[in-house]
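# Summary of the model geometry
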Amino acid sequence: SILIALLLLLSALLLASCTVPIEPNPPSNEFNPAIKIEQGQDKNLPLKTPAELQKEKEEYLLDQEILKDAIKNLDSGSCKIIKNDLLQESCYGNLAELKNELDLCDYITDSSTKEGCILVVATNTLNTDACSKITNREKSNICMKDIAINTSNSELCKNVNEDVVADECYSAIAVTLKKDAVCDPIADASKKID
């Protein structure tokens, strides 16, 4: 039993000498520029002073207020004075949808956001020509399908060049009109039977 006790004590000492103490992480609210550099931040970017950060925050909050007022008053002219690019594009996108003015979508530089804006306005105004301005095939098809469904015009489903979306188009209109003949162009046999 003394031998077992000595072996246990020896193994405990051996294990204790092999462990490395783990230092606690610094609190998350502390700023350590070395960590940012280690994480891949550009080493050439100057760090901003607290005054510069405060100014940016105030400008952003002001831009948010301008955005709220522009939407409340449906004033697209106010969007021009917003300095933050994302908030400015959000302003134009929201107003385009609220006012159903396709031209406001043109002020949006991000192509995906711009085409989403066109999709919503085209669907709201039932403007099939606007769908052709959308270069993303999926969004263009959805645009045409939504207008076809909203107008119950199955002829527009022919302009959808993706079978799955076209089938949805014909199916929805057939159900709305209660006309089984509208199902004839459906490509998927089981959907056609349904």
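Read on for a plain summary of the structure. Since we're looking at a predicted model, the values are computed, not measured.

Another point: the state of the cysteines. Disulfide: a covalent bond connecting the sulfur atoms of a pair of cysteines. In total, this model carries 4 disulfides according to the counting rule given. Through a disulfide, Cys 79 is tied to Cys 91; the S-S separation comes to 1.9 Å. Note on the Cys 79 and Cys 91 pair: the S-S dihedral is about -70°, so by sign convention the disulfide is left-handed. Here the residue Cys 79 occupies a position in the loop between α3 (50–73) and α4 (85–99), and Cys 91 occupies one in helix α4, the gap between them amounting to 12 residues. By the burial criterion, Cys 79 is buried, and Cys 91 matches it.

Moving on: the nonpolar core. Considering soluble globular proteins, one finds that nonpolar side chains tend to be buried as a cluster. Counting residues in hydrophobic clusters, the biggest one holds 38 residues, and the most contacted among them are Cys 91, Cys 105 and Cys 143. Top contributing element to this core by residue count: helix α8 (residues 163–177), with 6 residues. Not counting residues up to four positions away in its chain, the partners in contact with Cys 105 are Ala 96, Lys 114, Cys 117, Ile 118 and Val 121.

What follows deals with the packing of aromatic side chains. By the definition in use, this model includes 1 aromatic pair. Judged by centre distance (4.5 Å) and plane angle (15°), the rings of Tyr 92 and Tyr 107 are stacked. One end of the pair, Tyr 92, is in helix α4; the other, Tyr 107, is in the loop between α4 and α5 (111–125), and 15 residues separate them in sequence. Judged by its relative accessible area of 4%, Tyr 92 falls in the buried class. Residue classification places Tyr 107 among the partly exposed residues on the basis of a relative accessible area of 46%.

Definitions and cut-offs
Within each chain, residues carry numbers counting from 1 in the order of the written sequence. A pLDDT threshold of at least 70 governs which residues receive local features in this predicted model, and a stricter bar of 80 or more applies before side-chain atom pairs are shown or counted, although totals over entire chains, interfaces and linings include all residues. Processing note: side-chain calculations cover all non-hydrogen atoms of the structure and skip hydrogens and water entirely. Criterion for a disulfide: a pair of cysteine sulfur atoms within 2.5 Å. Labels follow the DSSP assignment, with helices taken as runs of H or I lasting at least four residues and strands as runs of E lasting at least two, numbered in each case from the N terminus. Relative accessibility under 20% of the residue-type maximum defines a buried residue, over 50% an exposed one, and the middle range a partly exposed one, all with a 1.4 Å probe and only protein chains included. Nine residue types can take part in a nonpolar core, namely buried Ala, Val, Leu, Ile, Met, Phe, Trp, Tyr and Cys, and a core is a set of them joined through side-chain atoms within 4.5 Å. Contacts between residues were defined by any pair of non-hydrogen atoms, one from each residue, lying within 4.5 Å. What counts as a ring pair is set by centres within 6.5 Å for rings of Phe, Tyr and Trp (its six-membered ring), and what kind of pair is set by the plane angle: stacked under 30 degrees, edge-to-face over 60, tilted for all other angles.

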